[in-house]
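Each chain, letter by letter, is given below.
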Amino acid sequence: SRLKMFVDEVPEMPTIRGYRVVNGSYEPAALKIGMFRKDWKFHRDLPPTPVFAYGTSKHTATVPGPTIEAMGGVSTHVTWTNHLPPSHILPWDPTIPTAMPVAKKGIPTVVHLHGMIGGPESDGHAHSWFTNGFRETGPTWTTKTYHYPNVQHPGSLWYHDHAMGLTRVNLLAGLIGSYVIRDPKTESKLRLPSGNEFHRRLVIFDRSFLTNGSIYMNSTGNNPDIHPQWQPEYFGDAIIVNGKAWPRMSVRRRKYRFTVINASNARFFRLFFRNGLRLIHVAADSAYLEKPVVATHTLLAPSEIIDFVVDFSDSRSDSVILANDAPYPYPSGDPVNDANSVVMKFNIRKEREYDTWRVPRTLIKYPSPKLSGAARSRYIAMYEYASAADEPTHLYINGRSFEAPVTEKAKVGTSEVWYVINLTEDNHPLHVHLGLFTVMEQTELVNAEEFKECMNKLNDAMRCHVEKYARGKKIRVLPHEKGWKNVYKMMPGFVTKILVRFAYIHSTQPYVFNATAEPGYVYHCHVSFHYTFLSNLVRHWRSRVM
Ligand code: C2O
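Each value, and the rule that gives it
Residues numbered from 1 in each chain as written. Predicted model: local features only at pLDDT ≥ 70, side-chain atom pairs only at ≥ 80, totals over all residues. Heavy atoms only, no water. Pairing = 2+ DSSP bridges. Helix = DSSP H or I, 4+ residues; strand = E, 2+ residues; numbered from the N terminus. Disulfide = S-S within 2.5 Å. Axes fitted to C-alpha atoms, helices over the stretch in contact; angles between N-to-C directions. Domains from an automatic or database assignment. Contact = heavy atoms within 4.5 Å. Buried area = accessible area lost by both parts, 1.4 Å probe. Salt bridge = Lys/Arg side-chain N within 4 Å of Asp/Glu carboxyl O. Polar contact = N/O pair within 3.5 Å; in protein donor to acceptor, adjacent residues only side chain to side chain.

With that settled, consider the pairing of strand 2 (residues 19-22). It is a general feature of regular strands that their side chains alternate between the two faces of the sheet. In the sheet, strand 2 pairs with strand 3 (residues 25-40) via four bridges, with the strands oriented antiparallel. The residue bridging Arg-20 from the neighbouring strand is Glu-27, located in strand 3. Counting the residues that bridge the hairpin from strand 2 to strand 3 gives two residues, and of these Asn-23 lies at a positive phi of roughly 45°.

Attention now goes to the state of the cysteines. Inspection of the entire model under this criterion finds one disulfide. The residue that forms a disulfide with Cys-454 is Cys-464, at a sulfur-sulfur distance of 2.1 Å. Between Cys-454 and Cys-464, the S-S dihedral sits near -85°, and the bridge is therefore left-handed. Of this pair, Cys-454 sits in helix 4 (residues 448-458) while Cys-464 sits in the loop between helix 4 and helix 5 (466-469), placing them ten residues apart in sequence.

An order of 15-23-22-17-20 is seen for the five strands of this open sheet, with the pairing classed as mixed. Lying at the two open borders of the sheet, with one neighbouring strand each, are strand 15 (248-253) and strand 20 (297-300). Strand after strand, the sheet turns through a mean of 25° between neighbouring axes, direction not considered. Pairing geometry for strand 17 (residues 269-273) and strand 20, over four bridges, is antiparallel. Each residue of the ladder has a partner; that of Phe-269, found in strand 20, is Leu-300.

Now for the domain arrangement of the chain. Along its sequence, the chain is carved into domain 1 (15-183), domain 2 (195-352) and domain 3 (371-543). Taking the mean C-alpha position of each, domain 1 and domain 3 sit 26 Å from one another. With 33 residues of domain 1 at the interface, the matching set in domain 3 holds 34 residues. Buried area between domain 1 and domain 3, summed over both chains or domains, comes out near 2,600 Å², and the portion from carbon and sulfur atoms is 67%. Among the residues of domain 1 in contact with domain 3, Ile-117, Pro-120 and Val-151 are the three that bury the most area, contributing 23% of the side total. Our enumeration of links across domain 1 and domain 3 arrives at zero salt bridges. At the junction of domain 1 and domain 3, the tally comes to nine residue pairs in polar contact (both at pLDDT 80 or more). Of all the elements in the fold, those that place two or more residues in the side of domain 1 that touches domain 3 are strand 7 (111-114), strand 9 (155-161) and helix 1 (167-173). Sort the elements by how many residues they give to the side of domain 1 that touches domain 3 and helix 1 lands first, with four residues.

The structure is reproduced here in structure tokens:
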């Protein structure tokens, strides 16, 4: 029997301030946030679900974890602590490269603050993991306390686990949370809906459950002789918003702002209001847009963040469903069904109200991307190695594994043009740590098979003359995706040209960090099952020493 929809009110996650107010001024704060094994109610009629949750104590831990509110220019220090039991609540696969404690006890975890501009020692590198009580640590682990400088422009980030081989199961278990950097001086002028009532953060993901409440994960690998448990993707049928399945929210008949984070492992969402209400995009990922962009639908890859205003006074009905129509896997998988096509429901109060919020004509202007200033260009090819015998095909970036030496040595403060060539069947959301990029264009490859053959032999897009093939149809980059992004959808069979700016800092506060230090940063596909399989679709980039 199916769970009833819209019976739980959407919760507001607890917030933790990442700063202190001392005599009217903002001072850095030191937080301690733990990871706990606890039970979580995802739905009124579902028995409690064993989860891993972030929080200041087991009692207060939530799924998703608390929202950390940081202040622009004021440092937040977080000591992330692991209080997890010796064994995992989900099946994990030891045949893929995985963080492995020597004692074979304890669950390796490490926290990445997605979108943060900061030092590599605080970036949550996959090999910087630690177990309960820091009893064991990974090879690149250096510090218990992470430093988040918060010197970048105001915007939305999120934190999630990033441990080698376990990211996918640690995320599924609940290790995710949201983070926001505020800058009251610039943001209050915008007069966008704000405050806890009118600016809501929605963390969305999909899960399946067994009738006893536990998370269901298909744990038979798609090639069980080699990888008994590993599956390239995870899809669940229940859509969870802030830890509740298909919740409802009562709203007043006026403007609201929603920051939506797609925290799914593999599911894309194409969101829209069933009664045609418009979404007015004001930000994407960690940066504001220059101008608001009106749309009826918005497509979110795993880990993308959208931020929009909706004016419920435009609604002709007294309730509206926020729906999803993205096939899974995206774009050529199954169509959505009755369950996963529904996200949540808004019940709108009848009386119209006087609304003090507005959507300004212009938002925040950042330096515009200049192609002419790019230090160099690179080809980044995602493709499947045809491999020996029955091995599943391996997805790699430029044919190299995670452990291979760093090839992308970018200089902090510079920009580069990347041609990302997706020769796989799926859309891979590319995420660059410490970088922001703008999407210039997407061009379809013609005779892709011929090009692929050459790539299998030479593993070099330049020598295979990618330009000869990149001359098919172009896809228009949508206006609300034209700003500075840290994740973007690499269309299968297309070359996506992006301009990456390494350590894009828009700040009045000068800040120096050592980006050249080990272990460096990564860029990768954010389908977290790809991220952890033979490190496919993960590469390092490290700063060149000047
Ligand atoms: Cu959202 Cu490498 O991470």
